[in-house]
Number of protein chains: 2
Amino acid sequence: MIVVLAGGVGGARFANGLAALLGPGQLTVVVNVGDDFDHLGLRICPDLDTVTYTLANLNNRELGWGQVGETWSFMDALGKLGGPAWFNLGDRDLATHVLRTHRLAAGEPLSAIVADFAKARGIAQAILPVTDDPVRTRVLTDEGELNFQDYFVRRRCEPVFRAIRFAGADQARPHPAVLAALADPALEAILIAPSNPLLSLAPILAVPGIAAALAARAVPCVAISPFIAGQAVKGPAAKIMRELGLEPGPAAIAAHYGDLIDGLVIDHADRAELASPALLHTDILMRDDAGQQRLAAEVLAFARRLA
Amino acid sequence: MIVVLAGGVGGARFANGLAALLGPGQLTVVVNVGDDFDHLGLRICPDLDTVTYTLANLNNRELGWGQVGETWSFMDALGKLGGPAWFNLGDRDLATHVLRTHRLAAGEPLSAIVADFAKARGIAQAILPVTDDPVRTRVLTDEGELNFQDYFVRRRCEPVFRAIRFAGADQARPHPAVLAALADPALEAILIAPSNPLLSLAPILAVPGIAAALAARAVPCVAISPFIAGQAVKGPAAKIMRELGLEPGPAAIAAHYGDLIDGLVIDHADRAELASPALLHTDILMRDDAGQQRLAAEVLAFARRLA
C-alpha cells in the first residue's frame, strides 16, 4: 500500500506512474481541494479532475489540462451570450462539472462522487479528496487578496505573491479513508508528489489531522522536488517562492517539509548539502508514460531503502 | 404593434414570419413557460429557447430543436459517467442553460435574462415569458401524473392523456410588459400561433390576467390552427385531443378558444360550418422562411379585415 499526496499535473503524472507499477487497490491518491471553486454555478475541482483524467488516460496531453478529444462549442456559444471567457470549460469537461454539481446539490459528499466517476472511468486506484469539506485557497498579493483561480487563471499569477491562506481548512474534517490509509498496517510509504508545495500540498497538510498523521508515521515519507535548476517544471512555484524570499530548490523544500519527510528526491541538476532528509538524485522530469514509471519506480525503491 | 402568443416550434416559425414583416419593436412574442423544468440542476426553457434561436436564425432545422452547428461532446462524456441520457443537451445549448441557471440563482428574473440573451443574439423583437413565476405543466395519464418533459421526451407521449394542470399558475403573476403590450393603444391585433392549444397555449392563458386581458381586447384576436386534415404538423396535439374525446380540427379549436378569438385560420384541407369565429382558409404549413412570411402576411391581413 502506498499513499501519495498530490496536486494537479505533476501529482497526476507521478500517481499515474505509481498506478502502473502497483496492483489494483495498492495506491491511494490524496488530492488537494484548495483550488476548487464555483464558476457559473458549477463546482470545478481542477486537481481531482486532472488526477482522474490522467489515471483514466483521458488527459489532454497537448493542453496539459482537461480531456483528450475536447471540443469548445460551449465556450463559443457562451462568448456570444456575453458570458465570462477567462476560465475555459470544454464540452466534455462540462459533463464532469454539471453532474458533480447536481449530485453535490442533492447532498452527496464529494468523495462519493469522485469515487463513482473514477469507477465509471475504469480506475482501479483510490482517489480521495483530502476532505469533503470546503477548503478554498486565497492568495494575498500586492493587489489584495484573490481567490485562487482569480490569481492563477484570470490574473495568470502576475500579482506579486505575499501570503496564502486556506479558508475553511481549520474547520475541515479529513476524510476518514485518508486517515485510515495513512494508518493502514499494510502501508509501505507515504509519497509527496512533485506538485507545488505552497499551492497544492500545503492545503492538504492544512486539513487538521493530516500533518499529525504524517508526523506519527511508521513508514518512510518521501517528497519529490518540483524544481529543476531553480525552475518549476510547470506553473508558478518558482516565481512564488522567490516572491516570498526563498530560493526554489532542495534546501527550501527540505525546510518547508521539515520533519514530515525522511527523503527528498531532487534532479541531477540540483545539489544540496543537508544533514537530513536523505537525498536521491535522479532525473525528475516525467516526459512520457515511461518517464512517469521510471521516476515512480526509483522513488519507491528509495522509500523502501529508508524503511 | 402585434402580440403573438407562442409555444415552441410552430409558434417560433410563425413569430419569425411576423418578425420579417414588422419593424423593430413592433412585435411582442409572449412565450409559454409550462414546459420549463430543471434537469441536472440546469433550468431548461424549451419554448423560450426555440423562439429565441429561431428569431436569431440559430435554430437547427434538421433536428427541429436546438441550435444550428450543434455538437454533442457533453452528452457523450455524460453517458460515459453514467449520467441521464433521455434528455439531449447540445454543447452550444448548454451555454444558454448554464448562464441562465447561474443568473436565476443570483436572483435575476427570467424575463431579464431572456431579454439579454435576445439582445446578445441581435433580436429586435420583444420576447417575454408570460410570467417570471414558475408554472409547470403536469400531465395526468393512464400511468399517473407525469412532469411534462417526462411525458413528452422520456415517455415520448406514449401514455394515454387524461388531463392536464399547470402547477403554480394560480399563484403566477403575469409579466407587466405582457399586460402592457396587450393594453397598448398602438396594438393592432393579438395572434395565437399554431402551437399546441392544450400543451403550449393553455398554460399561457392559465396565468391570471392573461385570459381576462384577451377577453377585454379592443382589437381582433386570431388563432391559427395547428391541424391539417386531423393531423398535427408536429408533436402530439392530435393524439392528445383524440385521447380527450375531441376531433382535432377547426370545431374543436373554435370551441377551445371560444369568445377569446374573433378569427380562426385553418388549412385548405379542412372544412368547418361555424357561426363564429370568422374563418380564413389557407395553406397553414410553413415549409421555409418564405412560407412563414406568407402565412404571417395572410394572417395579418385577415386580422386587419376583422378590425
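Position labels on residues start from 1 in each chain and follow its written sequence. Chains carry letters from A onward and ligands carry numbers from 1 onward, assigned in written order. Selection of residues for local features in this predicted model requires a pLDDT of at least 70, selection of side-chain atom pairs for listing and counting requires 80 or more, and totals for whole chains, interfaces and linings are taken over all residues. Side-chain metrics in this entry use all non-hydrogen atoms of the structure; hydrogen atoms and water are not considered.

The name given to chain A in an unreviewed UniProt entry is 2-phospho-L-lactate transferase, and the organism recorded there is Novosphingobium bradum.

(A) Representation of the interface of chain A and chain B within the structure. Listed per partner, the contact involves 24 residues of chain A and 24 residues of chain B. Between chain A and chain B, a total of about 2,100 Å² is buried, with carbon and sulfur atoms accounting for 71% of that surface. Taking the shortest distance from any N to any O, the salt bridge between Asp76 of chain A and Arg92 of chain B comes out at 2.7 Å. Two N or O atoms form a polar contact when they lie within 3.5 Å of each other; inside protein one atom must be a possible hydrogen donor and the other a possible acceptor, and for residues adjacent in sequence the pair counts only when both atoms belong to side chains. Connecting chain A to chain B are six residue pairs in polar contact (both at pLDDT 80 or more). Per-element accounting of the side of chain A that touches chain B gives the leading share, eight residues, to helix H4 (residues 91-105) of chain A. Between two residues, a contact is recorded if the distance between any of their heavy atoms is within 4.5 Å. Here the quantity called buried area is the accessible surface, traced with a 1.4 Å probe, that two parts lose on coming together, added over both. Think of a salt bridge as a Lys or Arg side-chain nitrogen and an Asp or Glu carboxyl oxygen that are within 4 Å of each other. Secondary structure elements are taken from DSSP: a helix is a run of H or I of four residues or more, a strand is a run of E of two residues or more, and numbering for both begins at the N terminus.

(B) Looking closely at the packing of aromatic side chains. Each aromatic pair joins two rings of Phe, Tyr and Trp (for Trp, the six-membered one) with centres within 6.5 Å, and gets the label stacked for planes under 30 degrees apart, edge-to-face for over 60, and tilted for any other angle. Applying the stated criterion to the full structure yields 12 aromatic pairs over all chains. Ring geometry for Phe37 of chain B and Phe87 of chain B: centres 4.8 Å apart, planes at 70°, overall edge-to-face. Remark: Phe87 of chain B occurs in the loop between helix H3 (73-80) and helix H4 (91-105) and Phe37 of chain B occurs in strand S3 (residues 37-39); sequence separation between them is 50 residues. In this structure an aromatic cluster arises from ring pairing among Phe37, Trp86 and Phe87 of chain A. Directly above the ring of Trp86 of chain A sits Arg154 of chain A, whose terminal nitrogen or CZ lies 4.4 Å from the centroid. Note on criteria: charge over ring means Lys NZ or Arg CZ within 6 Å of the ring centre, with the direction from the centre no more than 35 degrees off the ring normal.

(C) Region of interest: H3 of chain B. Each residue is placed in one exposure class: buried if its accessible area under a 1.4 Å probe, protein chains only, is under 20% of its type's maximum, exposed if it is over 50%, and partly exposed if it falls in between. Here H3 of chain B has its buried residues at Ser73, Phe74, Met75, Ala77 and Leu78 of chain B. Looking at the packing, one finds that the buried side of H3 of chain B touches H4 of chain A together with H4 of chain B. In the stretch just after H3 of chain B, Gly82 of chain B is the one whose phi turns positive, near 80°.

(D) Seen up close, the relation of the copies chain A and chain B. Of the transformation superimposing chain A on chain B, the axial component is 0.0 Å and the angular component is 180°, with the fit at an RMSD of 0.0 Å. The transformation relating the two chain copies, once decomposed into turn and shift, fits a two-fold axis. Across chain A, the smallest distance between a C-alpha and the rotation axis is recorded for Asp91 of chain A, namely 3.0 Å. When the interface residues of chain A are mapped onto chain B, 100% of them again fall at the interface, so both copies present the same face. In this comparison the copies share one frame, found by least squares on the C-alpha atoms of residues holding pLDDT of at least 70 in both.

(E) Looking closely at the pattern of salt bridges. Under the definition given, this model contains 38 salt bridges over all chains. The closest approach of N and O atoms between Glu158 of chain A and Arg155 of chain A, which form a salt bridge, is 3.4 Å. Given the relative accessible area of 26%, Arg155 of chain A is considered partly exposed. One salt bridge in this structure joins Asp76 of chain B and Lys80 of chain B, with 3.1 Å as the shortest N-O distance. With Asp76 of chain B and Lys80 of chain B both in helix H3 and four residues apart, the pair spans about one turn of that helix. Overlapping salt bridges, with partners in common, bring together Asp283, Arg287, Arg294 and Glu298 of chain A in one network.

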